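Inside the fold
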Amino acid sequence: MKYPSKTQRGAVSPRARTWRRLIGGGAGLGAVALGLAFAVSPATPALAGSSNLTNGQTDKCLDGNYGGSYTLSCNGGNWQNWSWPSGGGQGSISNWQTGYCLTGNWGNPATVTTAPCNGSQAQNWAVTWSGNGYPEIVNMASGYCLDSNYHDPSAWNPDQGAAYTDPCNGGGWQGWW
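Calculation criteria
- Residues numbered from 1 in each chain as written.
- Predicted model: local features only at pLDDT ≥ 70, side-chain atom pairs only at ≥ 80, totals over all residues.
- Heavy atoms only, no water.
- Disulfide = S-S within 2.5 Å.
- Helix = DSSP H or I, 4+ residues; strand = E, 2+ residues; numbered from the N terminus.
- Buried < 20%, exposed > 50% of the residue type's maximum accessible area, 1.4 Å probe, protein only.
- Pairing = 2+ DSSP bridges.
- Phe/Tyr/Trp six-rings, centres within 6.5 Å; stacked < 30°, edge-to-face > 60°.
- pLDDT = per-residue confidence, 0-100.
- Contact = heavy atoms within 4.5 Å.

**A short note on the state of the cysteines**
Scanning the model with the defined rule gives three disulfides in all. With its sulfur 2.0 Å from that of its partner, Cys 61 forms a disulfide with Cys 74. Linking Cys 61 and Cys 74, the disulfide has an S-S dihedral of approximately 95° and is accordingly described as right-handed. One end of the pair, Cys 61, is in strand E2 (residues 60–64); the other, Cys 74, is in the loop between strand E3 (69–73) and strand E4 (82–84), with 13 residues separating them in the sequence. Overall, the relative accessible area of 36% leaves Cys 74 in the partly exposed class. The disulfide partner of Cys 145 is Cys 168, and the gap between their sulfur atoms is 2.0 Å. Taking the torsion about the S-S bond as the criterion, the Cys 145 to Cys 168 disulfide, at about 100°, is right-handed.

Shown next, in the form of structure tokens:
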């Protein structure tokens, strides 16, 4: 079955339709359901969940290494798998391959890196629901949303997109599933 492209107004991916069906399409339910995947955690939490994080606009996965984060075409590798503590609310997001935590930095827009987990607010994230059809991931230190683009002009790899935080705006570039 062929699905309309995301550039067509109102088009929704099959995964987003499934997600909406599971949570009933409600904004409050989305925040609660996604909030269950995150919890306030110490610097070395016992991790209970994992998944890749796919950008709602680009369909690229958040990828990480020892110090950086960016997006690439999804490949199922551990560099693109992220773990979080069980429970509800907010907490750290760590990379399966490196064990490093996703870290927000200051600025507008600001880079998002990975660093050894230390329990700081820069490594504390919360999931919220917006009108873009996807959950947003908000950095608790800056209050900005995890954002992405199709291509990072400073990257050597033409498939690589940038990962950064920017003021939350409800757009698809800030939606993740």
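**Here we look at the environment of Gly 56**
Inspection of the secondary structure puts Gly 56 in the loop between strand E1 (49–51) and E2. Along the chain, Gly 56 and Gln 174 lie 118 residues apart, while their C-alpha atoms are 7.3 Å from each other.

**Things to note about the pairing of strand E11 (residues 145–148)**
Every second residue of E11 is oriented toward a common face, with Cys 145 and Asp 147 on one face and Leu 146 and Ser 148 on the other, all of them buried. Two elements, E11 and strand E12 (residues 161–166), share four bridges in a ladder whose sense is antiparallel. Along E12, the bridge assignment pairs Leu 146 with Thr 165.

**Quick notes on the packing of aromatic side chains**
Counted according to the given criterion, the structure contains three aromatic pairs. Seen in terms of ring centroids, Tyr 66 and Trp 79 are 6.1 Å apart; in terms of plane orientation they differ by 85°. Their pairing is edge-to-face. Of the two residues, Tyr 66 is situated in the loop between E2 and E3 and Trp 79 in the loop between E3 and E4; the sequence distance between them amounts to 13 residues. Classification of Trp 79 by relative accessible area gives partly exposed; the value is 33%. When the ring of Tyr 150 is compared with that of Trp 173, the centres are 5.2 Å apart and the planes differ by 90°; the resulting orientation is edge-to-face. Pair noted here: Tyr 150 is in the loop between E11 and E12 and Trp 173 is in the segment after E12, with a separation of 23 residues, a long-range link. Here Tyr 150 falls in the partly exposed class, since its relative accessible area comes to 40%. Taken together, Tyr 66, Trp 79 and Tyr 100 form an aromatic cluster joined through their ring pairs.

**Some details on the confidence of the model for the protein**
Detailed conclusions should not be drawn from predicted coordinates in areas where pLDDT is low. On average, residues of the protein score 74 in pLDDT, and 68% of them reach the 70 mark or higher. When pLDDT is averaged over each element of the protein, strand E7 (residues 101–104) comes out on top at 96 and helix H1 (residues 14–23) at the bottom at 36. Note on residues 1–48: pLDDT under 50 across the span, and 78 contacts to partners over four residues away in sequence or across chains.

**Concerning the side chain of Asp 63**
Checked against the element boundaries, Asp 63 lands in strand E2. Residues contacting Asp 63, with those up to four places away along its chain left out, are Gly 68, Ser 69, Tyr 70, Thr 71, Leu 72, Asn 75, Trp 79, Gln 80 and Trp 82.

**Quick look at the environment of Trp 173**
Among the residues examined, Trp 173 registers a relative accessible area of 33% and is labelled partly exposed. Separated by 25 residues in sequence, Trp 173 and Ser 148 have C-alpha atoms that sit 5.7 Å apart. If we ignore the near neighbours within four places in the chain, the residues touching Trp 173 are Asn 55, Gln 57, Thr 58, Leu 146, Asp 147, Ser 148, Asn 149 and Tyr 150.

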